[in-house]
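Coordinate inspection notes
Spelled out from the first residue to the last, the chains are:
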Amino acid sequence: MLEFKKGVDILSAVGGIDSIEEARRLFKNKLDNEHLARLSRITHEEVLLKIANAIALCQPDTIMVLTGSDADKDFIRKYSIEKGEETPLAIPGHTYHFDLPEDQGRLLSQTLYIVNEDEHISSMAQKELRSVSHAYIEKHMTGIMKGKVMFVGFYSRGPVGAQASIPAIEISSSTYVLHSAELLYRNCYADFDAEVDRRGEFFTNVHSEGPNRPEDIPNCRIYMDRSWQTTYSMFCTYAGNTLLMKKGNHRLASDTAIYKHKGRELSEHMFITGMTGPGGRKTYFAGAAPSGCGKTTTAMVGSDFVGDDLAQLWIADDGTLRAINPEIGIFGILEDVNREGDPHLMKCLREPGAEVIFSNVLIDENKKPRWVGDGEPVPERGINFQGEWTPAMTDVPMSHPNSRCTLLSEAIANHNKAVNADPAGAPIAVVTYSGRDSDTMPPIWVAKTMDDGVVIGASIVSKATATEIGASGIRRQPWANAPFIPGQLGDYLDAQFKFFNNPNLQKKPVIAGLNYFLTRENRGENRTGLLGEKKDVHVWLGWLELYAHGDVQALEIPIGMIPKYEDLKKIFKQKHNKDYSEDLYTKQFSLYIDNVLMLIDLEIAAWKKEEGVSQTIFTIYETQKAELEALKAAKGPIVRPQDL
Ligand code: OXD
Ligand code: MN
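Residues numbered from 1 in each chain as written. Chains lettered and ligands numbered in written order. Predicted model: local features only at pLDDT ≥ 70, side-chain atom pairs only at ≥ 80, totals over all residues. Heavy atoms only, no water.

Quick look at the domain arrangement of the chain
Under the domain assignment, the chain is made up of domain 1 (10-85 + 103-259) and domain 2 (265-330 + 417-643). The centre of domain 1, based on its C-alpha atoms, is set 34 Å off from the matching centre of domain 2. Taken together, both faces of the contact between domain 1 and domain 2 bury some 3,400 Å²; the carbon and sulfur share is 55%. For the domain 1 face of the interface with domain 2, the top three residues by lost area are R106, M124 and H250, together amounting to 18%. Between the two partners, domain 1 and domain 2, sit 4 salt bridges. E265 serves as the salt-bridge partner of R199, at 3.1 Å between the closest nitrogen and oxygen. Linking domain 1 with domain 2 are 21 residue pairs in polar contact (both at pLDDT 80 or more), by the criterion used here. Elements represented by at least two residues in the side of domain 1 that touches domain 2 include exactly β4 (106-107), β7 (149-157), α7 (175-184) and α10 (247-260). Ranked by residue count, the leading element in the side of domain 1 that touches domain 2 is α10, at 9 residues. Split by residue class, the side of domain 1 that touches domain 2 holds 18 nonpolar, 12 polar and 10 charged. (Domains from an automatic or database assignment. Buried area = accessible area lost by both parts, 1.4 Å probe. Salt bridge = Lys/Arg side-chain N within 4 Å of Asp/Glu carboxyl O. Polar contact = N/O pair within 3.5 Å; in protein donor to acceptor, adjacent residues only side chain to side chain. Helix = DSSP H or I, 4+ residues; strand = E, 2+ residues; numbered from the N terminus. Nonpolar A, V, L, I, M, F, W, Y, C, P; charged D, E, K, R; others polar.)

Spelled out as structure tokens, the structure:
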């Protein structure tokens with residue numbers, strides 16, 4: 001069980017400042033008048049102590065407070081170029097940033113939770129004892145900003161005033177990190193004190209790249225102190241390791257949801273998007289997918305795209321499920337982003353108008369960013385994060401598979417800025433969970449009950465992707481949120497059951513599994529490749545939109561409800577003007593019972609190893625198994641939807 005404010009608060013111990021008077025004296029000594037005046041608007045003592053201790057620990061030469069004003073935004077943009085963390089590209093407002101070759105994704109083995117003696121964490125995460133982390137931070141972060149400028153920004157992870165928004169401080173010596181923060185989060189300098197009072201908590205993030213040399217990467221650490229809601233990051237620049245308002249704070253937000261607001265809030269690795277249905281109605285979806293599995297693309301399929309990565313969910317007083325996006329920008333994977341699949345995003349990346357930071361792409365001779373799968377002819381030469389590149393270097397990709405673009409969501413044509421700014425959140429009617437599964441689950445299956453829906457989330461699997469360094473093979477990805485769940489999975493599962501069964505949640509969402517990675521070879525074809533197309537997701541979401549309003553019926557199978565051929569055929573025609581064949585439907589929706597049974601057995605074995613797991617999940621798995629066995633006995637191991 002997690003206990004907040006337990007054990008030594010490392011930041012205050014290593015900074016050594018424990019009174020507000022001392023903190024104010026330090027500010028007076030270290031900040032110039034302008035920045036001192038800015039900081040004086042923040043009055044929350046706990047907040048000021050965090051900042052003072054970060055200064056005392058890191059010992060920067062200069063401290064700057066970013067207020068989020070246009071002038072400050074412009075300052076950080078320009079300063080990042082002057083400092084060399086970013087370089088301008090041909091299109092005005094576009095820049096690029098390279099991370100060290102060793103720092104191109106989340107560094108799994110160096111990402112650790114700081115824990116107290118008796119604290120249990122997720123079996124899928126790594127921990128370090130508080131005393132060990134304390135010594136490490138003291139050794140490696142003391143004076144890490146000597147000769148550097150420290151930037152301090154105040155942000156809100158969500159619209160100011162929303163129930164599930166959480167304020168966060170970002171402290172870093174990297175202009176790239178702060179420039180990214182300004183694009184991805186709402187600077188709420190003016191509202192920060194009030195937000196801390198409203199929410200009763202805030203997150204603190206302290207980062208420094210240090211000398212930014214390859215030889216320092218082994219010393220890099222990404223620490224989350226769960227008890228003190230503080231993160232530390234050192235000797236790295238990749239945003240997934242440094243801009244800890246994103247995944248670092250998502251982890252802390254998960255703790256808040258599970259241990260402070262159990263059954264009332266959830267913190268999920270989900271996109272939020274709206275689909276327009278018949279008569280112009282808007283139906284909002286929140287959907288989880290593991291990193292690097294097309295979550296951004298799915299989000300942008302909606303007519304009213306709200307967010308592509310994270311969602312804070314809660315049950316509103318009117319009995320609806322509400323979601324806000326903690327972010328206002330996207331840090332999207334570029335590989336395979338092209339005009340065909342991602343027209344709205346591509347417009348921002350290829351035409352003037354939006355401010356974009358590209359990372360770890362190839363820069364061609366015309367200062368144009370290029371990436372694998374951008375749909376354009378391969379350039380003759382260029383420079384990437386490893387140096388000069390030519391197509392002759394066949395074993396070195398043109399761009400890193402985890403190369404990214406950072407931009408404001410409002411630059412994207414189908415973004416609904418008003419919904420993303422609304423503290424009431426988007427009313428969620430459909431919740432989806434997807435993985436990367438080549439041979440088992442159909443493209444869509446809808447849970448028959450809320451508990452079944454929770455179990456769909458618990459049973460996600462996916463292939464390792466380039467977003468994580470040191471991961472390989474097929475991995476369990478519970479709720480597609482596994483890398484960001486700090487606490488024990490049994491606690492998380494329990495919180496999910498409590499949330500979706502909460503009697504206050506009067507408008508229950510449709511919960512569905514999605515899988516667009518079934519391959520031809522696994523459905524009896526003698527050619528390889530995906531069964532169907534990437535853009536078919538439009539149809540799957542379209543069907544769910546109709547199902548959520550009772551406009552289409554479904555077929556019942558042991559694992560849930562699946563669409564009928566006639567309905568999909570109509571939607572394919574309407575949305576894509578495509579003739580969807582019954583043969584393709586049969587391949588996509590036939591139940592491969594042995595594969596499903598294997599998956600269920602894998603999950604049962606894994607969940608049995610966890611502590612404190614609710615019996616409900618095993619009952620659901622066993623019921624599904626019995627029904628699948630009976631179906632197999634009656635109809636054989638592969639059952640076509642037509643034979644149900
Ligand atoms: C991300 C990730 O960057 O999940 O969103 O890795
Ligand atoms: Mn993500």
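Now that the structure has been shown, the text picks up again.
Observations regarding the sheet that holds strand β25 (residues 404-408)
Strand pairing in a sheet takes place through backbone hydrogen bonds and is either antiparallel or parallel in direction. The mixed open sheet is built from 5 strands, whose spatial order is β2-β3-β20-β25-β19. The open sheet has two edge strands, β2 (87-88) and β19 (329-333), and neither has a second partner. Pairing analysis gives 5 bridges linking β19 to β25, with the strands arranged antiparallel. By the bridge assignment for β25, G332 is matched with C405. Relative to β25, α7 is tilted by about 50°, and along the sheet it contacts β3 (94-97), β19, β20 (356-359) and β25. The strands touched by helix α12 (residues 343-350) within the sheet are β3, β19, β20 and β25, with β25 carrying the most contacts at an inclination of about 90°. (Pairing = 2+ DSSP bridges. Contact = heavy atoms within 4.5 Å. Axes fitted to C-alpha atoms, helices over the stretch in contact; angles between N-to-C directions.)

Observations concerning the site of ligand 1
Neighbouring ligand 1 are R106, K246, K247, H269, S291, D309, F331, R404, T467 and F484. A distance of 2.7 Å is found between an oxygen atom of ligand 1 and a side-chain nitrogen or oxygen belonging to K247. Protein burial of ligand 1: of its 210 Å² of free accessible surface, 93% is covered by the chains. With respect to the pocket detection grid, ligand 1 is positioned in the largest pocket. Looking at side-chain class alone, the shell around ligand 1 contains 2 nonpolar, 3 polar and 5 charged residues. (Near = heavy atom within 4 Å. Areas by Shrake-Rupley, 256 points an atom, 1.4 Å probe, with all protein chains shown as cover. 1 Å grid on protein atoms, 1.4 Å probe; cavity = no way out; pocket = protein on both sides within 12 Å on 5 of 7 lines; lining within 4 Å. Sits in = over half its atoms within 2 Å of the grid points.)

A few points about the layout of surface pockets
A probe matching the size of a water molecule, rolled over the atoms, marks out where space remains unfilled. Estimates place the volume of the largest pocket at around 830 Å³. As for the largest pocket, its lining consists of 39 residues, of which G292, C293, G294, I333 and R436 are closest to the centre. Mapped onto the lining of the largest pocket, the elements with two or more residues apiece are α9 (239-242), α11 (295-301) and β19. When residues in the lining of the largest pocket are grouped by element, the largest group, 4 residues, is from α11. Considered class by class, the residues forming the lining of the largest pocket number 15 nonpolar, 12 polar and 12 charged. As a volume, the second largest pocket reaches approximately 450 Å³. Lining the second largest pocket are 19 residues, and of these E340, G341, D342, P343 and K535 lie nearest its centre. Elements supplying a minimum of two residues to the lining of the second largest pocket: α11, α12 and α16 (537-548). (Points joined across faces, edges and corners; volume = space filled by probe spheres on them.)

Thoughts on the nonpolar core
Membership of the largest hydrophobic core comes to 114 residues, with the highest contact counts inside it found for L349, Y433, F500, W540, L544, W607 and I617. Other than its neighbours up to four places away in sequence, L544 contacts F285, V430, T432, I444, V446, V510, A512 and L514. (Core = buried A, V, L, I, M, F, W, Y, C linked by side-chain atoms within 4.5 Å. Buried < 20%, exposed > 50% of the residue type's maximum accessible area, 1.4 Å probe, protein only.)

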